[in-house]
Amino acid sequence: MYKEYNADFDLFKFRKQISPKDEVDLIIKKALQSYFDQGVDAFCTALKVSGILIGDNLSLKNKFLVRLSDEIERIGSKKDIHFWNEFKRKVLLINKFENQFFSYRDSFFANNLTKQEINGELLVVAAEVYMNILAVPFSENVRIINGNDTIENRMNIYDAFIGFVSHVIKYFIKQEVLFKTSSKIYSESDIDTASKHFIFDAQWDDLMDIKEFFCFSDISIKEEANEFYVEIADQKFDKSVLISNFREKKLYG
């Protein structure tokens, strides 16, 4: 167990040092100062923990990446440039992965239109239908694809599903979607389509874990035939880091 404070993964320290809320030129200046003061390794750590290169507003963050890359290639040693290029490759793949998630999700709902608009009530109905199925541990409708088929794992699926429902509901509330009761009767196809939001939230949760592992430790990531392959550098260490640091998982999309 890691008892000592590890400043290398202090989220608040790095976000105070390099904040996404700063002006672009100031962000570049602060980031480069950390490179001059501490070297390329600490420079890249500060960038990934601060969150200015991955996540929201990818077009702006790609501009940061281009400007920083230009500077490192201009002033860095061959060793530093090699280190930076590998870091940049991972950042670009993570951002591409996130973009593809949004594209696939949007494409799915565009090609699977519901007869009635997906509103708060339909989401609640869909959640109730699947929660009733998952609440029965021995249900034949529940299949364990990864892992052992045990009562514990079946109940874990139910608990996880409640979390996904909560995330999706919060997301739709934030989008100002109405949640009100009515006497509408929804078709099975509409319920099934609406329920896919919960599946996508599970995938979003996995993507957020990948980003956290990258920010607080390291990952290996590659893309082959439009498939992304990710490995965690040190899962035991990473889990300790994630538990001991402030976690900031964003809502579903």
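Residues numbered from 1 in each chain as written. Predicted model: local features only at pLDDT ≥ 70, side-chain atom pairs only at ≥ 80, totals over all residues. Heavy atoms only, no water.

Trainee: Explain the confidence of the model for the chain here, please?
Mentor: As a general rule, the predicted coordinates of low-pLDDT regions are not to be interpreted in detail. Chain-level statistics for the chain give a pLDDT mean of 83 and a share of 81% at 70 or above. Taken element by element, the predicted model of the chain shows its lowest mean pLDDT in helix α9 (residues 235-244) (55) and its highest in helix α5 (residues 78-111) (95). (pLDDT = per-residue confidence, 0-100. Helix = DSSP H or I, 4+ residues; strand = E, 2+ residues; numbered from the N terminus.)

Trainee: What's the story with the pairing of strand β2 (residues 227-232) in this structure? I'm lost.
Mentor: Successive side chains on a regular strand alternate, one facing one side of the sheet and the next facing the other. Strand direction decides the pairing type here: strand β1 (residues 219-224) and β2, joined by 6 bridges, are antiparallel. Paired with Glu 223 across the bridge in β2 is Phe 228. A loop of 2 residues connects β1 with β2, the two strands running antiparallel in sequence, and Ala 225 in this loop sits at a positive phi of about 50°. (Pairing = 2+ DSSP bridges.)

Trainee: It is not clear to me how the nonpolar core should be interpreted in this structure. Could you clarify?
Mentor: Generally speaking, nonpolar side chains in soluble globular proteins are found buried as a group. Of all hydrophobic cores here, the largest spans 31 residues; its most connected members are Phe 43, Leu 47, Leu 53, Leu 68, Trp 84, Phe 87 and Phe 214. Taken together, the elements giving at least two residues each to this core come down to α2 (24-38), α3 (40-50), α4 (58-75), α5, α8 (188-216) and β1. It is α5 that provides the largest number of residues to this core, a total of 6 residues. In contact with Phe 43, not counting residues within four places along its chain, are Ala 31, Leu 32, Ser 34, Tyr 35, Leu 68, Ile 72 and Trp 84. Formed by 26 residues, the second largest nonpolar core is a distinct cluster that contains Ile 118, Phe 161, Phe 172 and Trp 204. (Core = buried A, V, L, I, M, F, W, Y, C linked by side-chain atoms within 4.5 Å. Buried < 20%, exposed > 50% of the residue type's maximum accessible area, 1.4 Å probe, protein only. Contact = heavy atoms within 4.5 Å.)

Trainee: Hey, could you run me through the packing of aromatic side chains in this one?
Mentor: Ring pairs (aromatic) are described by centroid distance and by the angle formed between their planes. In total, this model carries 16 aromatic pairs according to the counting rule given. For the pair Phe 97 and Phe 228, a centre-to-centre distance of 4.6 Å together with 10° between the ring planes defines the contact as stacked. Remark: Phe 228 occurs in strand β2 and Phe 97 occurs in helix α5; sequence separation between them is 131 residues. Phe 228 gets classed as buried once you look at its relative accessible area, which sits at 15%. Where Phe 102 meets Trp 204, the ring centres are 5.4 Å apart and the plane angle is 40°; that geometry is what we call tilted. Of this pair, Phe 102 sits in helix α5 while Trp 204 sits in helix α8; the two residues are 102 residues apart in sequence, bridging distant segments of the chain. For Trp 204, a relative accessible area of 3% gives the class buried. Among the aromatic residues, ring-to-ring pairing joins Phe 101, Phe 102, Tyr 104, Phe 108, Phe 109, Phe 200 and Trp 204 into one connected group. Cation over ring: Lys 48 sits above Phe 214, and NZ or CZ is 5.2 Å from the ring centre. (Phe/Tyr/Trp six-rings, centres within 6.5 Å; stacked < 30°, edge-to-face > 60°. Lys NZ or Arg CZ within 6 Å of the ring centre and 35° of its normal.)

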